[in-house]
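Coordinates in review
Chain by chain, the residues run as shown.
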Amino acid sequence: MSNSQLLEKLDAAIAEKNLLKHPFYQDWQAGKLSRESLQLYAEQYYRHVEAFPQHLRVLAARADESLKPVVLENLAEEENPARPHPQLWRDFAVTLGVSGDDLTSSPSLPGTQHVVQKFREICANRSVAEAVAALYAYESQVPEIATKKIDGLKRFYGITEPKGLAYFEVHEEADKEHRAAWRAWLEANASGNEEQILASTNEALDALWSALSAVHSNCAN
């Protein structure tokens, strides 16, 4: 399998499990979520946002000279002193009425724990190509998801202030660059067990889907 064929298969898997197809995000786009549902989402997804820079650090420690600059550039964006992404998420949560204490003390749902653990395990223990593919599978979806979230927040949920939207506005643009960088690296460097790369990518996609399902099922209760 050539690298271009591998990327075609990765893109097909991402399209099949695109998070915008998930019922939770479908409800978001239709204005059907309660404020309490958004608050629960903010609390749970914060765990993923908070953990993401450390996933990158773990991968950077394993990366060769072709990959390390890609990872470090992504990490620098995550930790930009002017707009660190976890802080931007906290700002979003505050606009929903979620306190800082709620973000840090609320128990993680099993699906939330699983997505954090899955990405950490892939970044730490799988081949670097598997880790890059998993990160690509996530970040390749983010710009379009961010756009839909902004639209829904403005139209249906009364979130219009800059602090409430900044996290998503940053990711509308930043992750276009990130997905291009991950993709370029894979096209130039992915080699080895392509089936295992695909399998790890699907594990990451399933974990992302399950994290949303955990929130959605709790919202329904």
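Note that this is a predicted model, so its numbers are computed, not measured.

What counts and what doesn't
Residues numbered from 1 in each chain as written. Predicted model: local features only at pLDDT ≥ 70, side-chain atom pairs only at ≥ 80, totals over all residues. Heavy atoms only, no water. Helix = DSSP H or I, 4+ residues; strand = E, 2+ residues; numbered from the N terminus. Buried < 20%, exposed > 50% of the residue type's maximum accessible area, 1.4 Å probe, protein only. Contact = heavy atoms within 4.5 Å. Areas by Shrake-Rupley, 256 points an atom, 1.4 Å probe, with all protein chains shown as cover. Lys, Arg positive; Asp, Glu negative; His and termini not counted. Charge placed at Lys NZ, Arg CZ, Asp CG, Glu CD. Salt bridge = Lys/Arg side-chain N within 4 Å of Asp/Glu carboxyl O. Core = buried A, V, L, I, M, F, W, Y, C linked by side-chain atoms within 4.5 Å. Axes fitted to C-alpha atoms, helices over the stretch in contact; angles between N-to-C directions. Left-handed = near helix turned anticlockwise from the far one by under 90°. Nonpolar A, V, L, I, M, F, W, Y, C, P; charged D, E, K, R; others polar. Arc of directions from axis to C-beta.

**Description of the overall build of the protein chain**
- A count of helical and extended segments in the protein chain gives 11 helices and zero strands.
- Taken from N to C terminus, the helices and strands of the protein chain fall in the order α-α-α-α-α-α-α-α-α-α-α.
- Each principal axis of the C-alpha distribution contributes one length, and for the protein chain these read about 45 × 35 × 30 Å.
- The proportion of buried residues among the 221 residues of the protein chain is 52%.
- For the protein chain, long-range pairs separated by at least 24 residues make up 82% of all intrachain contacts whose partners lie at least 6 apart in sequence.
- Per element, the accessible surface of the protein chain, about 9600 Å² overall, is 50% carbon and sulfur.
- Positive and negative side-chain charges in the protein chain, numbering 22 and 32 respectively, have mean positions lying 3 Å apart.

**Concerning the pattern of salt bridges**
- Using the criterion set out here, one finds 10 salt bridges in the structure.
- Ionic pairing is found between R183 and D11, a salt bridge with its closest N-O pair at 2.7 Å. Note that R183 is positioned in helix α10 (residues 162–189) and D11 in helix α1 (residues 3–16), a separation of 172 residues in sequence.
- Owing to a relative accessible area of 29%, R183 belongs among the partly exposed residues under this scheme.
- The exposure class of D11 is partly exposed, given its relative accessible area of 26%.

**Quick word on the nonpolar core**
- Grouped together as the largest cluster of nonpolar side chains are 77 residues, with contacts concentrated most on W28, Y41, L67, W89, W182 and L186.
- Per element, the largest residue contribution to this core is 12 residues, and it comes from helix α3 (residues 35–60).
- For L186, the residues in contact, after removing those within four places along its chain, are N3, L7, L10, A129, V132, A133 and Y136.

**Quick notes on the environment of N18**
- If you trace the backbone, N18 turns up in the loop between α1 and α2 (23–30).
- Taking C-alpha positions, N18 is 8.4 Å from W209, a pair spaced 191 residues apart along the chain.
- Ignoring anything within four residues of it in the chain, the contact list for N18 reads Q141 and W209.

**Structural notes on the environment of R90**
- Secondary-structure assignment places R90 in helix α5 (residues 85–95).
- Overall, R90 belongs to the partly exposed group, its relative accessible area being 27%.
- In this structure, the C-alpha to C-alpha distance between R90 and E203, residues 113 residues apart in sequence, is 28 Å.
- Among all residues touching R90, those that are not within four sequence positions of it are Y46 and L103.

**Concerning the packing of α3 against helix α8 (residues 128–139)**
- Between α3 and α8, the shortest axis-to-axis distance is 12 Å and the interhelical angle comes to 150°. In the packing of α3 onto α8, the handedness of the crossing is left-handed. Along the contact surface, α3 presents Y45, H48, F52, L56 and L59, while α8 presents V128, A131, V132, L135, Y138 and E139.
- Split into classes, the residues belonging to the contact of α3 with α8 amount to nine nonpolar, one polar and one charged.

**Things to note about helix α4 (residues 68–78)**
- Residues of α4 that are buried include every one of V70, V71, N74, L75, E77 and E78, and no others. One side of α4 carries all its buried residues, which in axial view fall inside an arc of 160°.
- Close packing links the buried residues of α4 with α3, α5, α8 and α10.

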